[in-house]
Amino acid sequence: MTNEEIRSFIDNAIRENRVMLFMKGTPHQPACGFSARASGALNALGVQYAALDILPDPRIRQELSAVSGWPTIPQLFVDGELVGGSDIVMEMFESGELAELVGAEQPEAPEVEEQQPQKRPLGLENRLG
Amino acid sequence: MPTANDLKERIEQALPGARVEVEDLTGGGDHFRAEVVSERFSGLSRIQQHKLIYDVFGGEVGGPIHALSIKTSTPGDGR
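Residues numbered from 1 in each chain as written. Chains lettered and ligands numbered in written order. Predicted model: local features only at pLDDT ≥ 70, side-chain atom pairs only at ≥ 80, totals over all residues.

Draft legend 1. Main features of the pairing of strand 1 (residues 19-23) of chain A. Residues and elements named next belong to chain A. In terms of burial, strand 1 is largely enclosed, as five of its five residues are buried. Alternating residues of strand 1 divide into Val19, Leu21 and Met23 and Met20 and Phe22, and every residue in both groups is buried. Here four bridges tie strand 1 to strand 3 (residues 75-78), and the two strands are oriented antiparallel to one another. Bridged to valine 19 within strand 3 is valine 78. Viewed along the sheet, the connection from strand 1 through helix 2 (residues 33-45) into strand 2 (residues 50-53) turns out right-handed. (Buried ≥ 20, exposed ≤ 12 C-beta atoms within 10 Å, placed from the backbone. Helix = DSSP H or I, 4+ residues; strand = E, 2+ residues; numbered from the N terminus. Pairing = 2+ DSSP bridges. Right-handed = clockwise from strand over helix to strand, strands pointing away.)

Right under this line is the structure:
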């Protein structure tokens, strides 16, 4: 897979998924605390979202940061726009802004817990060969 | 290896007058948390506020600085 193909996969993922999370690991098995918090917030809201693990190839992160201008992972996009990394996602989760943005119900006590994700993650692995 | 104080000074230089606190979360010089209060943030979205801080360190964030957790506010926020 060329860098251009990775870039276009990322562009499509952002365009085609209303709520798109780029993370380390998967919602089922996050590989970093920051990614766990961001996906945990979305799980707690019960929102449908797509997730892409950036770890299988370093070029995914490289191309993603080139697209977004944002240096760290995770990165959450809603309606094609970068919302932010884990700090912003958590702030917005706790304030109820995130629920409003994705059209979900704000939990009474917003806490990130073990919640099952609503959708299988996107896979890029099998296309990298 | 950057120290919390290095980061603090660089943010203060980039945003004169800002109140900056930086904590080294692991003691390992690679995971930091920065709280920045600055007038420069007023009228900016959170994304733009955080980008101002990331821009101070350019390619170092995600490189030698593995993680930089950021909390921004303006003096008017009263936090």
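Let's pick the thread back up.
Draft legend 2. Region of interest: the nonpolar core. Among the nonpolar cores identified, the biggest contains 33 residues, and A:Leu21, A:Ala38, A:Ala41, A:Leu42, A:Leu45, A:Val89 and A:Leu98 are the most heavily contacted of them. Elements represented by at least two residues in this core include exactly helix 1 (3-16), strand 1, helix 2, strand 2, helix 3 (58-68), strand 3, helix 4 (86-95) and helix 5 (97-102) of chain A. Looking at this core element by element, the count peaks at six residues for helix 2 of chain A. The contact partners of A:Leu45, leaving out residues within four places of it in the chain, are A:Leu98, A:Ala99, A:Val102 and A:Ala104. Ranked by size, the runner-up nonpolar core spans 16 residues in total, among them B:Phe32, B:Phe57, B:Leu68 and B:Ile70. (Core = buried A, V, L, I, M, F, W, Y, C linked by C-beta atoms within 7 Å. Contact = placed C-beta atoms within 7 Å.)

Draft legend 3. Structural view of the interface of chain B and chain A. Each partner contributes residues to the interface: chain B has 11 residues there, and chain A has eight residues. The set of elements that each furnish at least two residues to the side of chain B that touches chain A consists of helix 2 (46-57) and strand 3 (67-73) of chain B. Looking at the side of chain B that touches chain A element by element, the count peaks at five residues for helix 2 of chain B. Within the side of chain B that touches chain A, the residues separate by chemical class into five nonpolar, three polar and three charged. (Nonpolar A, V, L, I, M, F, W, Y, C, P; charged D, E, K, R; others polar.)

Draft legend 4. The arrangement of the packing of helix 1 of chain A against helix 3 of chain A in detail. Residue and element names in this part refer to chain A. For the pair helix 1 and helix 3, interaxial distance at closest approach is 9 Å and the crossing angle is 60 degrees. With respect to each other, helix 1 and helix 3 are oriented oblique. Here helix 1 runs over helix 3; the crossing is right-handed. Counted together, Asn3, Ile6, Arg7, Ile10 and Asp11 of helix 1 and Arg59, Ile60, Glu63, Leu64 and Val67 of helix 3 form the full contact between these two elements. Counted by class, the contact of helix 1 with helix 3 contains five nonpolar, one polar and four charged residues. (Axes fitted to C-alpha atoms, helices over the stretch in contact; angles between N-to-C directions. Parallel < 35°, antiparallel > 145°, perpendicular 65-115°, else oblique. Left-handed = near helix turned anticlockwise from the far one by under 90°.)

Draft legend 5. How the structure looks around the sheet that holds strand 2 of chain A. Residues and elements named next belong to chain A. Read from one edge to the other, the open sheet built from four strands follows the order 2-1-3-4, with strand pairing classed as mixed. Across the chains shown, the open sheet's two edge strands, defined by having one partner strand only, are strand 2 and strand 4 (81-84). In this sheet, adjacent strand axes meet at a mean angle of 25 degrees when their direction is disregarded. Summarising the sheet, strand 3 and strand 4 pair through three bridges and their orientation is antiparallel. Each residue of the ladder has a partner; that of phenylalanine 77, found in strand 4, is leucine 82. Packed on one face of the sheet, helix 2 meets strand 1, strand 2 and strand 3 and runs near 160 degrees to strand 1.

Draft legend 6. The arrangement of the environment of B:Val37 in detail. Residues and elements named next belong to chain B. Within the secondary structure, valine 37 is located in strand 2 (residues 31-37). Spatially, the C-alpha atoms of valine 37 and alanine 14 are 13 Å apart, while their sequence positions differ by 23 residues. The contacts of valine 37, once residues within four sequence positions are left out, are Ala18, Arg19, Ser73, Thr74 and Pro75.

Draft legend 7. Structural detail: the sheet that holds strand 1 (residues 19-24) of chain B. Residue and element names in this part refer to chain B. One open sheet accounts for three strands, arranged 1-2-3; its pairing is mixed. A strand with exactly one partner marks an edge of an open sheet, and here the two such strands are strand 1 and strand 3. For this sheet the average axis-to-axis angle between neighbouring strands, irrespective of direction, equals 15 degrees.

Draft legend 8. Up close: the packing of helix 2 of chain A against helix 4 of chain A. Residue and element names in this part refer to chain A. The geometry of helix 2 relative to helix 4 is characterised by a closest axis approach of 9 Å and an angle of 35 degrees between their N-to-C directions. As for the relative orientation of helix 2 and helix 4, their crossing is left-handed in sense. Listed contacts from helix 4 to Phe34, Arg37, Ala38 and Ala41 of helix 2 are Ser86, Val89, Met90 and Phe93. In terms of residue class, the contact of helix 2 with helix 4 is built from six nonpolar, one polar and one charged.

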